[in-house]
Each structure stands twice: as C-alpha cells, then as structure tokens.
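An overview of the molecular structure
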Amino acid sequence: MRIFSLIFSSSLVFIIPFAFVFAEPRQDLVWTAQNDGISGSSIVGIAVDPSATSTVYALTAASGLYKSTNGGSPWSVANTGISGAKNIHGGAFFGNLLTMDPNDSATLYAAFGGRVYKTEDGATSWTEINEGISDCFGVDTVVGVAIDPNDANHLIAGRIVSTCTDSYFESTDGGETWNGVRPDGAIANDSWIFAFDP
C-alpha cells in the first residue's frame, strides 16, 4: 500500500493510501474506511482542523474537495465557487496540495485545474485568486500553495512547468496578488514542493 498522507488529530489518525481514507481511534489499532460520500476519485490530500478535530477536509485528484464535520463519516462535496476543472494538475504526487492557514483553520488553499483557490469560511465557498499568475503555453500549472508560518499573508505557489517564464509565484497579501519568481541563472522548471524555515 502506498501512503500519500498520514495526519494526526487529538482523537483519530487519518491515513490515505492511493484512493481511500481510513481513520483509526488513537487508542487501538483497528483501521476503518471512512469514505461515505466520496466517490469517483483518488484522495490526494487531507487537513484536520486543530481547533475542532472532527472537522476534516479531503482533497481528491479529479473531483474537488470534500468536508466532514464528524471525523470523516460522512463526507459532503465542498466545491462551491470552483469553476471549471476540479482536478489536481499533473496528478497526485506533489506537495502542498491542500494547505490550512496555521492561524485560521477556516482559511485553506488548493489548486484546482492548475489555478489557485482560497476559502476563508471552511470550504463553504471558494474564490479564485490568480492575479499575476501566468500560464505556460496556455496551460495553468500551479499544483499547490505553501504558507509562511510566521506571516500567513506570505505564500508560495509551486508549479509544474518546463522552460516557461517563472519558476514559482509569491504573494505577500494572502493571495490577492502574485509575482512570478525565477532565481538568478536558473532555468524555470518544476517546483512542486515548498517549505518555509520557521
């Protein structure tokens, strides 16, 4: 079994193999499938609200986001405001696919169809935030967003791209605007996973 994510909350452990969500109460070793309401797509990311650990978000490879307020049983579609494709550009093998603001658990970022979306109301609705993000030969290529733990308005959006203008995009205003970044002397190429030094 290939494991894409392993997430701990105060009462449950969530594990994501290739296509399903399993949850285990921390006191025993019995895994239970928690997929009621999720259909038709592999799970590629998961986030648990640290202030209300029964609230869980599951990102799929091709059908957007699902939310549970009962520890993963059941799940409900949470794609309001996401226009067009609900897929993760380039597949499911990249980092920062679903990112929760460490200071505000109702704020999350995800890239659907290669474009960045933000929710500030716990996935009740999503807003596209791509001002300043360029495509590559007509294809939107963002795969995920990293949040600076010391400044939640400072974001990096990674992309899958070869030989285009920018290697990645940076925002200092919570994603309202972005600037392309290409390190000196570097050929713009894939920048899948980012992490900030805390």
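Figured I'd write up the structure that's included with this text. (Residues numbered from 1 in each chain as written. Predicted model: local features only at pLDDT ≥ 70, side-chain atom pairs only at ≥ 80, totals over all residues. Heavy atoms only, no water.)

Considering the pairing of strand E10 (residues 104-112)
Of all nine residues making up E10, seven are buried, and the element is well covered by its neighbours. Alignment of strand E9 (residues 98-101) against E10, held across four bridges, turns out to be antiparallel. Across the sheet, Thr99 pairs through a bridge with Tyr109, a residue of E10. The pairing of E10 with strand E11 (residues 115-119) spans five bridges and is classified as antiparallel. Bridged to Tyr109 within E11 is Lys118. In textbook terms, the turn of a hairpin is the stretch between consecutive antiparallel strands, and for E10 and E11 this stretch comprises two residues, one of which, Gly113, has a positive phi near 60°. (Buried < 20%, exposed > 50% of the residue type's maximum accessible area, 1.4 Å probe, protein only. Helix = DSSP H or I, 4+ residues; strand = E, 2+ residues; numbered from the N terminus. Pairing = 2+ DSSP bridges.)

Thoughts on unusual backbone geometry
Of note, the amide linkage connecting Ser73 to Pro74 takes the cis form, showing an omega dihedral of 0°. Its location among the elements puts Pro74 in the loop between strand E7 (65-68) and strand E8 (76-77). At Ala123, a residue that is not glycine, the phi angle is positive and equals roughly 70°. Looking at where Ala123 falls in the secondary structure, it is placed in the loop between E11 and strand E12 (127-128). Under the relative-accessibility criterion, Ala123 is labelled buried at 4%.

Side note on the environment of Gly81
Position of Gly81 relative to the elements: it lies in the loop between E8 and E9. Gly81 sits in the partly exposed class, given a relative accessible area of 44%. A sequence separation of 38 residues divides Gly81 from Thr119, and the C-alpha atoms of the two residues are 9.3 Å apart. When near neighbours in sequence (up to four residues on either side) are disregarded, Gly81 contacts Tyr117 and Trp126. (Contact = heavy atoms within 4.5 Å.)

Regarding the pattern of salt bridges
Enumeration over the complete set of coordinates arrives at three salt bridges. Residues Asp140 and Arg115 are paired through a salt bridge, measuring 3.0 Å at the closest nitrogen-oxygen approach. Of this pair, Asp140 sits in the loop between E12 and strand E13 (142-148) while Arg115 sits in strand E11, and the two are 25 residues apart along the sequence. Through salt bridges with shared partners, a single network forms among Arg115, Glu128 and Asp140. (Salt bridge = Lys/Arg side-chain N within 4 Å of Asp/Glu carboxyl O.)

Remarks on the sheet that holds E10
Within a sheet, adjacent strands bond to each other through the backbone by hydrogen bonds, running parallel or antiparallel. An order of E9-E10-E11-E12 is seen for the four strands of this open sheet, with the pairing classed as antiparallel. In this open sheet, the two edge strands, each paired with only one partner strand, are E9 and E12.

Things to note about the layout of surface pockets
Its boundaries defined by the atoms lining it, the largest pocket holds a volume of some 170 Å³. Lining the largest pocket, in full, are Asn96, Leu98, Thr99, Met100, Pro102, Val145, Ile147 and Pro149. Ranked by residue count, the leading element in the lining of the largest pocket is E9, at three residues. When the residues that make up the lining of the largest pocket are grouped by side-chain class, the tally is six nonpolar, two polar and no charged. (1 Å grid on protein atoms, 1.4 Å probe; cavity = no way out; pocket = protein on both sides within 12 Å on 5 of 7 lines; lining within 4 Å. Points joined across faces, edges and corners; volume = space filled by probe spheres on them. Nonpolar A, V, L, I, M, F, W, Y, C, P; charged D, E, K, R; others polar.)

What to know about the sheet that holds strand E6 (residues 56-60)
In spatial order, the strands read E5-E6-E7-E8; together these four strands make up an open sheet with antiparallel pairing. Two strands lie at the open edges of the sheet, namely strand E5 (43-48) and E8, each paired on one side alone.

Structural notes on the pairing of E6
Burial within E6 is extensive, with five of its five residues counted as buried. Both faces of E6 are covered, namely the face carrying Val56, Ala58 and Thr60 and the face carrying Tyr57 and Leu59. The pairing of E6 with E7 spans four bridges and is classified as antiparallel. Bridged to Tyr57 within E7 is Lys67. Counted between consecutive antiparallel strands, the loop separating E6 from E7 contains four residues, among which Gly64 sits at a positive phi close to 80°.

Structural measurements only, silent on function.
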